[in-house]
Amino acid sequence: MDMLEIIRKKKHARVLTKEEIEYMVAGFSRGEIPDYQMSAFCMAVYFNGMTDGETAALTSAMARSGDMLDLSRFGCASVDKHSTGGVGDKTSLIVGPIVAACGGVFAKMSGRGLGHTGGTVDKLESIAGYRTSLSPEEFFAQAEKCGIALIGQTGNMTPADKKLYALRDVTETVDSIPLIVSSIMSKKLAAGAHNIVLDVKCGSGAFMKDGESAHALASKMVDIGKACGRNMAAIITDMDTPLGFAVGNALEVEEALALLRGEDIPDLREICLALASELIAMCRGTSAEEARAMAENALCSGAALAKAREWISAQGGDIDAPLPKAKAAREIRAEKSGYISHMNAEAVGRAACLLGAGRKTKDDEIDFAAGIVLLKKTGDFVREGEALAVLHTSSEEKLCAGEREFLSALEISSEKANKKKLIIDILR
Ligand code: URA
């Protein structure tokens, strides 16, 4: 077999065999296929796509390129969730405790922030003492005892995806559906859970900017997961505007805990309950209605909060300890009166990054206290001079950069915009 022939076939939109795809992934992982040939392949896929069979073969070869977590000891109870990335998305911190309180085992590896989107591991590291790295024995023992263990990606899982993702990032080939499907699903399959829910974000803060591409991505991921024997569901959710009111690591942990303590944060609550219900229905074998009632009860009764307390303390953290507080803060005021007709989530995410909540390069340090608390959201009426948001960071200079970017995210108009659907579709 020969990589040049593989590139040539894809360049002419011909279909690759499973053997060719396996040869390519194995050769690339071992460093025998150079980055420049793999880049050419990715660009050919970007323009010519892949069939479902090719995408499944790529996913499976990447999943098997490194270690695979064996969660079979938990039988049908193991659950996992994946978000395609958003702004203010702290749902794992809430869905995990809800599902664990209902008998699921949320034994999960999470990622760090990427570009303008946040990552669960960064959020958890803002809790003093929380250990995002556990030995395999500790990880399994905690999942068994408490029903949740949430750590960063460890070991040698999906090395082919790590290399390929880094290459796609610098060759403008990230936004290709077959490449996104294989990247996400290879990691989910290697992570071992029997039941998987995907939160496919759609809108200005998401990879998928429109409903049609979000639907195509979601349905391909669901099909591949099912073909590999997993129970699958995908929820397509709005990410045109940030989720909840807080953006930034410690601020998001505070908001997640507030929801678990009973505060009403309507959009965040709704998406968390929808994701948790899908996982409960799959792992407990209940109807959608029963699962929803169980999820709501776990949240309202305080069982999910108790589970969060048990989980975080088992991993060395204390949910009652103070979270990092920013040295500098500034209220941002409306430049004119009117309705907020659009709040570009990607620009809000970029503003949070400028304040220190994200990284520009993978070695940058995060300021856990940095971020934005929204006081108004899309659809709200504001008067000139009224506070829209509070920016949190460490210096005046960062406040100025963050303010400029935050204001660029907003459109204020005399017309009230139509409310967008929060849950756009559910695929099972
Ligand atoms: N998230 C991933 O893990 N991979 C992609 O390709 C895109 C988003």
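All residue numbers here refer to positions counted from 1 along the written sequence of the relevant chain. Only residues with pLDDT of 70 or above have their local features reported here, since the model is predicted, and side-chain atom pairs are shown and tallied only from 80 upward, although totals for entire chains, interfaces and linings are computed over all residues. Only hydrogens and water are set aside; all other atoms, that is, all heavy atoms of the structure, feed into the side-chain values.

Asks: What is the right way to look at the sheet that holds strand S5 (residues 231-238) in this model?
Replies: Hydrogen bonds between backbone groups are what pair the strands of a sheet, and the pairing can be parallel or antiparallel. Spatially, S3-S2-S1-S4-S5-S13 is the arrangement adopted by the six strands of the open sheet, whose pairing is mixed. Only two strands of the sheet have a single partner each, and these edge strands are strand S3 (148-152) and strand S13 (423-427). The mean angle between the axes of side-by-side strands here comes to 20°, regardless of whether they run parallel or antiparallel. Pairs of strands are assigned from DSSP output, requiring at least two bridges between the strands. Numbering goes from the N terminus for both helices and strands, where a helix is a DSSP run of H or I of at least four residues and a strand is a run of E of at least two. Axis angles are defined between N-to-C directions and span 0 to 180 degrees, where every axis is a line fitted to C-alpha atoms and, for a helix, only to the segment in contact.

Asks: What should I look at first to understand the environment of Asp380 in this one?
Replies: Tracing the backbone through its elements, the reader meets Asp380 in the loop between strand S9 (371-374) and strand S10 (381-382). Relative accessibility thresholds used throughout: buried, under 20% of the residue-type maximum; exposed, over 50%; partly exposed, between the two (1.4 Å probe, protein chains only). With relative accessibility at 31%, the residue Asp380 sits in the partly exposed group. The spacing of Asp380 and Ile98 is 282 residues in sequence and 30 Å in space, taken between C-alpha atoms. Contact between two residues is taken to exist if any of their heavy atoms lie within 4.5 Å; hydrogens are not considered. With near-sequence residues (within four places) excluded, Asp380 lies in contact with Gly338, Tyr339 and Ile340. In terms of polar contacts, Asp380 uses its side chain to reach the backbone amide nitrogen of Lys377, at 2.8 Å. The term polar contact refers here to a pair of N or O atoms within 3.5 Å; inside protein, the definition further demands a hydrogen-donor-capable atom paired with an acceptor-capable atom, and it admits residues adjacent in sequence only when both atoms are side-chain atoms.

Asks: I would appreciate a short explanation of the site of the ligand in the present structure.
Replies: Contacts to the ligand come from Tyr165, Arg168, Ile180, Ser183, Ile184, Lys187 and Phe207. Arg168 places a side-chain nitrogen or oxygen 2.9 Å from an oxygen atom of the ligand. Here Ser183 contributes a side-chain N or O atom positioned 2.6 Å from a nitrogen atom of the ligand. Compared with its free state, where it exposes 240 Å², the ligand has 92% of that area covered by protein. When contributions to the shell around the ligand are tallied by element, the ones reaching two or more residues are helix H8 (159-169) and helix H9 (177-190). What makes a residue near a molecule or strand is one non-hydrogen atom of that residue sitting within 4 Å of it. With residues, only the protein chains shown are counted as cover, and all accessible areas are computed by Shrake-Rupley using a 1.4 Å probe.

Asks: Explanation requested: the pairing of strand S4 (residues 195-202) in the structure shown.
Replies: The two faces of the sheet receive side chains in turn, since in a regular strand these alternate between them. In terms of burial, S4 is a largely internal element, eight of the eight residues being buried. Every second residue of S4 is oriented toward a common face, with Asn195, Val197, Asp199 and Lys201 on one face and Ile196, Leu198, Val200 and Cys202 on the other, all of them buried. Pairing geometry for S4 and S5, over eight bridges, is parallel. The residue of S5 that forms the bridge with Lys201 is Thr237. Here, the term right-handed applies to a crossover whose path from the first strand over the helix to the second runs clockwise when the strands point away from the viewer. In terms of handedness, the path from S4 via helix H10 (residues 211-227) over to S5 forms a crossover that is right-handed.

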